[in-house]
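Take a look at the letters that make up each chain.
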Amino acid sequence: MSSYAWRQVGLTYIQYSNACARAVRNSLKPELKVDAMKRGNSIIKATRWEEGKPVQGKYSSAQYIEYCRFHILCEYFIPLSHHLLQNVTI
Amino acid sequence: MANLIRRSARIPSLIGQCSRVSSLQHQQLRGYAEAVGISFSMASPNKVFFKDETIKQVNVPTINGVFGILPQHVPTLAVLQPGVVSVVVNDSETKNIFASSGSLTVNPDGSVHILAEEACELSDLDVNEAREGMTKAQHARDAAVEATDKAEFQIEVDAYEAILKSVETKS
C-alpha cells in the first residue's frame, strides 16, 4: 500500500504529520493562508540573554538550540564524567 | 453461640455481594439507546472545536482506516490520516471538520479526545489552492532524487487528494 511507503524509507509519523499539515495550510482560502503559513514555520522561539538584556539577531533558533546543547554537554555531562572517572578505581 | 456471632458478622458482606450482583445485571441490560453520549473534545494548536461537549457519534479517519465511535467504546489510541472528522452532535446536527493528522484517544471513562496538527472547517478550504498545491507537489515528487524526499512529497500529494475529495463531496 502506498500509504505506508513513507514508513519504509524511515520517515516518522511526526514527519508525516508535518507534511500533511503543510498541505492543509497551503489549501486554505487566501485570506486565512497568510496567518496559517506563519504558524507553520516557527515551532520554538528562543531569545538569548546577556547581562540582563535580550540579545537579538545574534543566533537563529536552530543555532541557539545547538548552543544550548553544547552548554548542557559542557556544564553537566563532562563534569559528571570527570566525577565518575575520579571515583573509579582500576 | 460463637458460631452464630461468626455467621451474623458475614451478613453485611452477603448484602454487599447481593447488591453487586444486581448492579451487574443492571449494567448488562443497558444498551446504546440508554447511554448518555460521548464527552468529546477536539482541538488544533490554534483553535478549539469542541470542549467536553456531549455528542452521539464521531467518525475518524485513522491510518488504519475510518472508524466510527459510539458511546462506551473500548479504550483506544490511534493516529489520524488527512480526512474529514464528522461529528454527529445530535440527530439533526452533524459537523464536518477537516483534520490533517494528529492523535485520537478513547479514554477508559468513555471520553474521546482528538488533537490535530492542523484542522479547519470544510468551508475554509479552497479547491483552486489545493489543485495548485497538488500539481506543485507532484512535480516536486517526480523531480526528487532522495527516497525520503520522494516519500515526503507523496504524503503531500495524498493529503491534497484527501482535501480535494472532501471539498468535492461537500459541494
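Calculation rules
- Residues numbered from 1 in each chain as written.
- Chains lettered and ligands numbered in written order.
- Predicted model: local features only at pLDDT ≥ 70, side-chain atom pairs only at ≥ 80, totals over all residues.
- Heavy atoms only, no water.
- UniProt positions renumbered as here; feature names shortened; annotations may be inferred.
- Helix = DSSP H or I, 4+ residues; strand = E, 2+ residues; numbered from the N terminus.
- Buried < 20%, exposed > 50% of the residue type's maximum accessible area, 1.4 Å probe, protein only.
- Pairing = 2+ DSSP bridges.
- Axes fitted to C-alpha atoms, helices over the stretch in contact; angles between N-to-C directions.
- 1 Å grid on protein atoms, 1.4 Å probe; cavity = no way out; pocket = protein on both sides within 12 Å on 5 of 7 lines; lining within 4 Å.
- Points joined across faces, edges and corners; volume = space filled by probe spheres on them.
- Nonpolar A, V, L, I, M, F, W, Y, C, P; charged D, E, K, R; others polar.
- Phe/Tyr/Trp six-rings, centres within 6.5 Å; stacked < 30°, edge-to-face > 60°.

- Chain B carries the name ATP synthase subunit delta, mitochondrial in an unreviewed UniProt entry, which gives Magallana gigas as its organism.
- One UniProt comment on chain B, placed under Sequence similarities (unreviewed entry), says "Belongs to the ATPase epsilon chain family."
- Regarding chain B, the relevant UniProt record gives this comment under Subcellular location (unreviewed entry): "Mitochondrion inner membrane".

- Within an unreviewed UniProt entry, the label attached to chain A reads ATP synthase subunit epsilon, mitochondrial, and the organism entered is Magallana gigas.
- Quoted verbatim from the Sequence similarities (unreviewed entry) field of the UniProt record, the comment on chain A reads "Belongs to the eukaryotic ATPase epsilon family."

### Regarding the overall build of chain A
Thought 1: Regarding its fold elements, chain A presents four helices and two strands.
Thought 2: The linear arrangement of helices and strands in chain A, starting from the amino end, is α-α-α-β-β-α.
Thought 3: Split into buried and exposed, the 90 residues of chain A put 20% on the buried side.

### Focus on the sheet that holds strand E9 (residues 112-116) of chain B
Residue and element names in this part refer to chain B.
Thought 1: Strand order across the open sheet formed by five strands is E2-E1-E9-E8-E5, with mixed pairing between neighbours. Sheet topology places strand E2 (47-55) and strand E5 (76-79) at the edges, where each strand pairs with a single neighbour. Recorded for the sheet is a direction-independent mean angle of 10° between the axes of neighbouring strands.
Thought 2: The pairing of strand E8 (residues 102-106) with E9 spans five bridges and is antiparallel. Bridging from a neighbouring strand, Gly102 pairs with Ala116 of E9.

### With respect to the layout of surface pockets
Residues and elements named next belong to chain B.
Thought 1: Looking at the largest pocket, its volume works out to about 400 Å³.
Thought 2: In this structure, the largest pocket is lined by 20 residues; those nearest its centre are Gln81, Pro82, Asp158, Glu161 and Ala162.
Thought 3: Broken down by class, the residue content of the lining of the largest pocket amounts to ten nonpolar, seven polar and three charged.

### Looking at the packing of aromatic side chains
Residue and element names in this part refer to chain A.
Thought 1: Counted by the stated rule, this structure contains four aromatic pairs over all chains.
Thought 2: Ring geometry for Trp6 against Tyr13: centres 6.5 Å apart, planes inclined by 55°, an arrangement best described as tilted. Exposure class is identical for Trp6 and Tyr13. Each is buried.
Thought 3: Members of the aromatic cluster, connected to one another through ring pairs, are Trp6, Tyr13 and Tyr16.

### Structural notes on the pairing of strand E1 (residues 38-44) of chain B
Residues and elements named next belong to chain B.
Thought 1: Among the seven residues of E1, six are classified as buried, and the element is accordingly described as predominantly covered.
Thought 2: The loop that links E1 with its antiparallel partner E2 comprises two residues.
Thought 3: Examined bridge by bridge, E1 and E9 share four bridges and lie parallel to one another. Looking across to E9, one finds that Ala43 is bridged to Leu115.

### A closer look at the sheet that holds strand E3 (residues 57-62) of chain B
Residues and elements named next belong to chain B.
Thought 1: Strand order in this open sheet of five strands is E4-E3-E6-E7-E10, and the pairing throughout is antiparallel. Strand pairing shows two members of the sheet lacking a second neighbour, strand E4 (65-69) and strand E10 (119-121), which therefore form its edges. For this sheet the average axis-to-axis angle between neighbouring strands, irrespective of direction, equals 25°.
Thought 2: Across five bridges, E3 lies against E4 in antiparallel orientation. Each bridged residue has a counterpart across the sheet, and for Thr62 the counterpart in E4 is Gly65.

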